[in-house]
Amino acid sequence: ADCRYTCHQECRSLIQLDCRRPGPWQSQLSPESTLVPACSQNVTQTVEEEKPEPPTVQEIKQKIEKYNAKVTNCLLMKLNDDGTYTGFIKVHLKLRRPVTVPAGIRPQSIYDALKEVNLAEMTDKRTSFYLPLDAIKQLHISSTTTVSEVIQGLLKKFMVVDNPQKFALFKEMRKDGQVLFQKLPLTEYPLYLRLLAGPDTDVLSFVLKENETGEVEWDAFSIPELQNFLMILDKEEKDKIQQVHRKYERFKQRLQQTLKEARGKPG
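Procedures and definitions
- Residues numbered from 1 in each chain as written.
- Predicted model: local features only at pLDDT ≥ 70, side-chain atom pairs only at ≥ 80, totals over all residues.
- Heavy atoms only, no water.
- UniProt positions renumbered as here; feature names shortened; annotations may be inferred.
- Core = buried A, V, L, I, M, F, W, Y, C linked by side-chain atoms within 4.5 Å.
- Buried < 20%, exposed > 50% of the residue type's maximum accessible area, 1.4 Å probe, protein only.
- Helix = DSSP H or I, 4+ residues; strand = E, 2+ residues; numbered from the N terminus.
- Contact = heavy atoms within 4.5 Å.
- Salt bridge = Lys/Arg side-chain N within 4 Å of Asp/Glu carboxyl O.
- 1 Å grid on protein atoms, 1.4 Å probe; cavity = no way out; pocket = protein on both sides within 12 Å on 5 of 7 lines; lining within 4 Å.
- Points joined across faces, edges and corners; volume = space filled by probe spheres on them.
- Expected span 1.5 Å × (residues − 1).
- Arc of directions from axis to C-beta.
- Axes fitted to C-alpha atoms, helices over the stretch in contact; angles between N-to-C directions.
- Left-handed = near helix turned anticlockwise from the far one by under 90°.
- Nonpolar A, V, L, I, M, F, W, Y, C, P; charged D, E, K, R; others polar.
- Phe/Tyr/Trp six-rings, centres within 6.5 Å; stacked < 30°, edge-to-face > 60°.
- Lys NZ or Arg CZ within 6 Å of the ring centre and 35° of its normal.

Looking at an unreviewed UniProt entry, the protein carries the name Ras association domain-containing protein 5, with the source organism given as Myiagra hebetior. Its UniProt record, at the heading Subcellular location (unreviewed entry), says of the protein: "Cytoplasm, Cytoskeleton".

> Please clarify how the nonpolar core should be interpreted in this entry.
Ranked by size, the top nonpolar core spans 31 residues in total, and within it I89, V91, F167, L169, F206 and L208 carry the most contacts. Only α2 (57-70), β2 (85-93), β3 (99-102), β5 (135-142), α4 (147-157), β6 (167-175), α5 (190-197) and β8 (205-210) provide two or more residues apiece to this core. If one sorts the elements of this core by residue count, α4 sits on top with five residues. Beyond its immediate stretch of four places on either side in the chain, F206 contacts I89, K90, V91, H92, L169, F170, L184, P190, L193 and R194.

> I would appreciate a short explanation of the pattern of salt bridges in the present structure.
When charged atoms on two side chains of opposite charge get close, those side chains can pair. A complete count under the given rule lists six salt bridges for this structure. When the shortest N-O distance is used, the salt bridge between D234 and K238 registers 3.4 Å. Residue D234 and its partner K238 are both found in helix α6 (residues 223-262); the two are separated by four residues, about one turn of the helix. The network of salt bridges with shared partners includes K94, E172 and R174.

> Sorry, what's going on with empty space enclosed by the protein here?
Gaps left between atoms are located by rolling a probe of water-molecule size over the structure's atoms. Under the definition given, this model contains one cavity of 30 Å³ or more. Estimates place the volume of the largest cavity at around 40 Å³. Along the walls of the largest cavity sit L93, L95, L131, L154, L155, F158, V160 and L208, which together make up its complete lining.

> Just checking my understanding: could you explain unusual backbone geometry for this structure?
For residues that are not glycine, phi is negative in most cases, and the peptide bond is trans in most cases. Although it is not a glycine, C74 adopts a positive phi angle of roughly 70 degrees. Structurally, C74 can be placed in the loop between α2 and β1 (78-79). The exposed category is assigned to C74, whose relative accessible area is 71%.

> Looking at this structure, how should I read α2?
Residues spaced three or four apart along an α-helix point in a common direction, a consequence of the helix completing one turn every 3.6 residues. Relative to the 20 Å expected for 14 residues at 1.5 Å per residue, α2 spans 20 Å between its end C-alpha atoms, a close match to the ideal helical length. Taken together, the buried positions of α2 are occupied by I60, I64 and Y67. Summarising the axial view, the buried residues of α2 lie within an arc of 65 degrees, below the 170-degree limit, and thus occupy one face. For α2, the exposed residues lying more than 90 degrees away from the buried face are K66 and A69. Along its buried surface, α2 packs onto β1, β2 and α5.

> Teacher, can you tell me more about the environment of T144 here?
Relative to the elements of secondary structure, T144 occurs in the loop between β5 and α4. For the pair T144 and L191, spaced 47 residues apart in sequence, the C-alpha to C-alpha distance is 8.2 Å. With residues near it in sequence (within four places) discarded, T144 still touches T84, E149 and Y189.

> Explain the packing of α2 against α5 to me, please; I cannot follow it from the model alone.
Axes are the key here: two packed helices are described by the angle between their axes and the distance separating the axes. Taken N-terminus to C-terminus, the directions of α2 and α5 make an angle of 65 degrees; their axes are 9 Å apart at the nearest point. The handedness of the crossing between α2 and α5 is left-handed. Two secondary-structure elements touch here, α2 through I60, K63, I64 and Y67 and α5 through Y192, R194, L195 and L196. Within the contact of α2 with α5, the residues separate by chemical class into six nonpolar, no polar and two charged.

> For this particular structure, what's the right way to read α5?
The complete set of buried residues in α5 reads P190, L191, L193, R194 and L195. For α5, the secondary structure elements touched by its buried residues are α2, β2, β5, α4, β6 and β8. Phi for G198, located one or two positions after α5, is positive at around 90 degrees.

> In this structure, what is going on with the packing of aromatic side chains? I would like to understand it.
Using the criterion set out here, one finds zero aromatic pairs in the structure. Between K209 and the ring centre of F170, over which it is positioned, the NZ or CZ distance is 5.1 Å. Here the guanidinium or amino end of K209 rests over the ring plane of F181, the centre of that ring lying 4.5 Å away.

> Can you walk me through the side chain of T146 in this structure?
When you line up the elements, T146 lands in the loop between β5 and α4. Look past the residues within four positions of T146 in its chain and what remains in contact with it is L186, T187, E188, Y189 and P190.

> Would you mind showing me how to read the side chain of T100 here?
Tracing the sequence through the fold places T100 in strand β3. Looking at T100, the relative accessible area reads 15%, which means it is buried. Ignoring sequence-local partners within four residues, the contact set of T100 consists of R126, T127, M159, V160, V161, D162 and N228.

Spelled out as structure tokens, the structure:
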């Protein structure tokens, strides 16, 4: 009423303003007069009605039974007494750039895994390493495991010390002969997506890739990390320039060869 803030009727309860005194330019309007007529209420209500209701335990049980009936590799899902469930997902690693790993440490042992020993914290030495293309990692997760936790779990298994914000989890789908990628929000639950899609990885699979450049929060990285990015980008640029040079050099050689063979021929 004092600052003449305007909002929708359904948003009124969410607004918090610090308006204590009306200025000389502000008129004494009633709260009701600052509300926009409910011209868009139908749209908001429609969106809310389209949100799917969370499945009941019985529905989850039926979906799990249907899922397990299609499993051929013994990687079944299991329903817990509290309504949560556990299962397996496979993640394809498609990283085009090197990752940062600790240098000169031994592989993780069973003892380390049981005691949750983080070998990456045992040394300050770092080195760059290319993970194998299309490597696949199988994870046993819960229905409450988020995309963010999956990314962090993968980095921990490979002892990658890079900031998790550098990476994103995508779902890969095949439709009409095309491969479609969709980036998953950090709060999404991969196991639920796996349950809905079924065990067939041709229908749905998960892929770990570099995060899109436009969405990376660069302030979260240290100066050495940013300098490493510049070195990697510089190397990629030089490689690309060399590829272009080689391409046109081959094209030039073919043209010269064609002109040489055409000399002396009529027309």
